[in-house]
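In case you want the letters, here they are:
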Amino acid sequence: WRQARRKVLPSSFLQVRANNINGDTLAALAVASGCTALLVEAYYRTKLHDADAPDDCVNHYADSLIQARHVQALQTQGLVVIPKALSSSQLALARRDVARFQKRSSGPVEEARFEATTNDADVRQDQVAWISSSESSLTSKDTQLGEGLSFCIDLVRGVTSALLKHDYEGSSLVCHQHQHHYQYRVPQLCQLAMYPGNGSASYQRHLDQCNASLSDLGILEWFRLSDYRGRAITVILYLNDPERTLADGGALRCWVAKLEPPTNLKHLKNQHLFEPSFDIQPTGGTMIIFQSDRVEHMVLPSCTDRFALTSWVDGRATT
């Protein structure tokens, strides 16, 4: 009886319904798969997968360059400037290699070369290349960096080991509140940045370490900025003309966060939390080391081409 009473639906209706279900299901699966792929890509977008411990980056030149007074200044002031970190001959070799590298912009696409950054154009206008001197991670396209540039890469990567030999304690902001130890990792890749000397190329004020929360960023950006959250030490080596003048522009303007009163990192833009700003000229051979969570900075417009080699050292605080 019940079987006789059951309404029989046309087969065409059932087919349409099945097609709709299949289409909706496939669409849902596609969205889910796409989101998963984005999250996986963001999670693995890192330059720390082949990072080394500081002891594996020991550089004898860095050991002789970094003195106890430099470490003391970095610990207390958050930043230290080392003029003439390179000899004139070392700088000349590095500048020769940088000039050769710059010419790659008109060479084969498969070669390592300067490229625009992923930042918004109104934030920064430099071009960058990610380079390494490690033979284990180089492909044939990177083997032409040259002796001078390779020396500089090994030098900036050796800075962390040299700092630790003088008992560097880590971030002043963190250590000011609690006693922490740090586990440092030094990426094999360094960034070579070139600001065209057009009188407008610059980089707006920013902090190298990302301290925004998950709710501020969203889960996708949170994963994508994982490297930035761990930045602890910034090492910059300028590869410009040693006779560069103020008229050439491109100075690094710095704001160092005060230790008193205790700093809320979410509100670092509040001017009263900073020491007065000061400018550092990007003279060729000058090295700057600063705490990535304490020093906000910007690059002023440059009137001549400006080159900087940078290594961001990852350091996670442990109790």
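A short tour of the structure in this document, coming up. Worth saying up front: this structure is predicted, and the values here are computed from it rather than measured. Each chain carries its own residue numbering, running from 1 in the direction its sequence is written. pLDDT decides what is reported in this predicted model: residues at 70 or higher carry local features, side-chain atom pairs at 80 or more are listed and counted, and totals for whole chains, interfaces and linings draw on all residues regardless. Note that the side-chain values use all heavy atoms of the structure and ignore hydrogens as well as water.

### Overview of the overall build of the chain
Alright, step 1. Note on conventions: DSSP H or I runs of at least 4 residues are helices, E runs of at least 2 residues are strands, and numbering of each starts at the N terminus. A tally of regular secondary structure across the chain gives 11 helices and 12 strands.
Alright, step 2. Considering the chain as a whole, with its 319 residues, one finds that 44% of them fall into the buried category.
Alright, step 3. Across the chain, contacts joining residues at least 24 apart in sequence account for 83% of those joining residues at least 6 apart.
Alright, step 4. With the model as given, the accessible surface of the chain reaches about 16900 Å², and the carbon-plus-sulfur share is 54%. Exposure is judged per residue with a 1.4 Å probe applied to protein chains only, and the accessible area is read against the type maximum: over 50% gives exposed, under 20% gives buried, and values in between give partly exposed. The contact criterion used throughout is that any non-hydrogen atoms of two residues lie within 4.5 Å. In this description, accessible areas are obtained by the Shrake-Rupley approach with a 1.4 Å probe, and a residue is regarded as covered only by the protein chains that are shown.

### A closer look at the pattern of salt bridges
Alright, step 1. Whenever Lys or Arg places a side-chain nitrogen within 4 Å of a carboxyl oxygen from Asp or Glu, that contact is recorded as a salt bridge. This structure, assessed with the given rule, holds eight salt bridges.
Alright, step 2. The salt bridge partner of Lys 165 is Asp 63, with a shortest N-O separation of 2.7 Å. With Lys 165 in helix 7 (residues 159-165) and Asp 63 in helix 3 (residues 60-65), this residue pair connects regions lying 102 residues apart in the sequence.
Alright, step 3. Residue class for Lys 165 comes out partly exposed when judged on its relative accessible area of 49%.
Alright, step 4. Of the charged contacts, one joins Arg 96 and Asp 97 as a salt bridge, the two residues approaching to 2.9 Å between their closest N and O atoms.

### A look at the packing of aromatic side chains
By convention here, two paired aromatic rings are described through the distance between centres and the angle between planes.
Alright, step 1. Note on aromatic pairs: the rings of Phe, Tyr and Trp (six-membered ring only in Trp) are paired at centre separations within 6.5 Å, and the planes decide the class, stacked below 30 degrees, edge-to-face beyond 60, tilted for the rest. Throughout the structure, instances matching the rule amount to five aromatic pairs.
Alright, step 2. Both rings, one in Tyr 61 and one in Phe 151, keep their centres 5.3 Å apart while their planes meet at 70°; by these two values the pair is edge-to-face. Pair noted here: Tyr 61 is in helix 3 and Phe 151 is in helix 6 (residues 147-157), with a separation of 90 residues, a long-range link.
Alright, step 3. Residue classification places Tyr 61 among the partly exposed residues on the basis of a relative accessible area of 26%.
Alright, step 4. Judged by relative accessible area, which is 26%, Phe 151 ranks as partly exposed.
Alright, step 5. The interplanar angle of 45° and the centroid separation of 6.1 Å between the aromatic rings of Trp 130 and Trp 312 together place this pair among those described as tilted. Of this pair, Trp 130 sits in strand 3 (residues 127-131) while Trp 312 sits in strand 12 (residues 306-318), and the two are 182 residues apart along the sequence.
Alright, step 6. With a relative accessible area of 15%, Trp 312 lands in the buried category.
Alright, step 7. Feature note: the residues Phe 101, Phe 114 and Phe 307 constitute an aromatic cluster, connected by ring pairs.

### Quick look at the sheet that holds strand 11 (residues 295-299)
The strands making up a sheet associate through hydrogen bonds between their backbones, and the pairing can be parallel or antiparallel.
Alright, step 1. Taken in spatial order, the four strands of this open sheet run 6-11-8-9, and their pairing is antiparallel. Edge positions in the sheet fall to strand 6 (203-207) and strand 9 (278-280), since each of these pairs with one other strand and no more. Ignoring strand direction, the axes of neighbouring strands in this sheet form an average angle of 25°.
Alright, step 2. The pairing criterion is simple: DSSP has to find at least two bridges between the two strands. As paired strands, strand 8 (residues 252-256) and strand 9 are joined by three bridges and run antiparallel to one another. The residue of strand 9 that forms the bridge with Cys 254 is Phe 278. In this description, a line fitted to the C-alpha atoms serves as the axis of each element, helices being fitted only across the stretch in contact, and the angle between N-to-C directions of two axes falls anywhere from 0 to 180 degrees.

### Digging into the side chain of Thr 286
Alright, step 1. Position of Thr 286 among the secondary structure elements: in the loop between strand 9 and strand 10 (287-291).
Alright, step 2. For Thr 286, a relative accessible area of 7% puts it in the buried group.
Alright, step 3. Once residues within four sequence positions are removed from consideration, Thr 286 is found in contact with Val 81, Ile 82, Pro 83, Lys 84, Ile 236, Leu 237 and Tyr 238.

### Describing the environment of Val 156
Alright, step 1. Structurally, Val 156 is set in helix 6.
Alright, step 2. The exposure class assigned to Val 156 is buried, which follows from its relative accessible area of 0%.
Alright, step 3. The sequence separation of Val 156 and Leu 237 amounts to 81 residues, and the corresponding C-alpha distance is 7.3 Å.
Alright, step 4. Once residues lying within four places of it in the same chain are set aside, the contact partners of Val 156 are Cys 190, Val 235, Leu 237, Met 287, Leu 309 and Ser 311.

### Some points on helix 5 (residues 88-102)
Every α-helical turn comprises 3.6 residues, leaving residues that sit three or four positions apart pointing alike.
Alright, step 1. Under the 1.5 Å per step criterion, the end-to-end length of helix 5 is 21 Å for 15 residues, consistent within 8% with the ideal 21 Å.
Alright, step 2. All of the buried residues along helix 5 are Gln 90, Leu 91, Ala 94, Asp 97, Val 98 and Phe 101. End-on, the buried residues of helix 5 take up no more than an arc of 125°, which puts them together on one face. Among the exposed residues of helix 5, those pointing more than 90 degrees away from its buried face are Ser 88 and Arg 100.
Alright, step 3. Residues of helix 5 that are buried sit in contact with helix 3, strand 3, helix 6, strand 5 (190-195), strand 7 (231-238) and strand 12. A helix is expected to span 1.5 Å for every residue after the first. Throughout, the arc means that of the directions going from the helix axis to the C-beta atoms.

Functional significance is not addressed by these values, which are geometric in nature.
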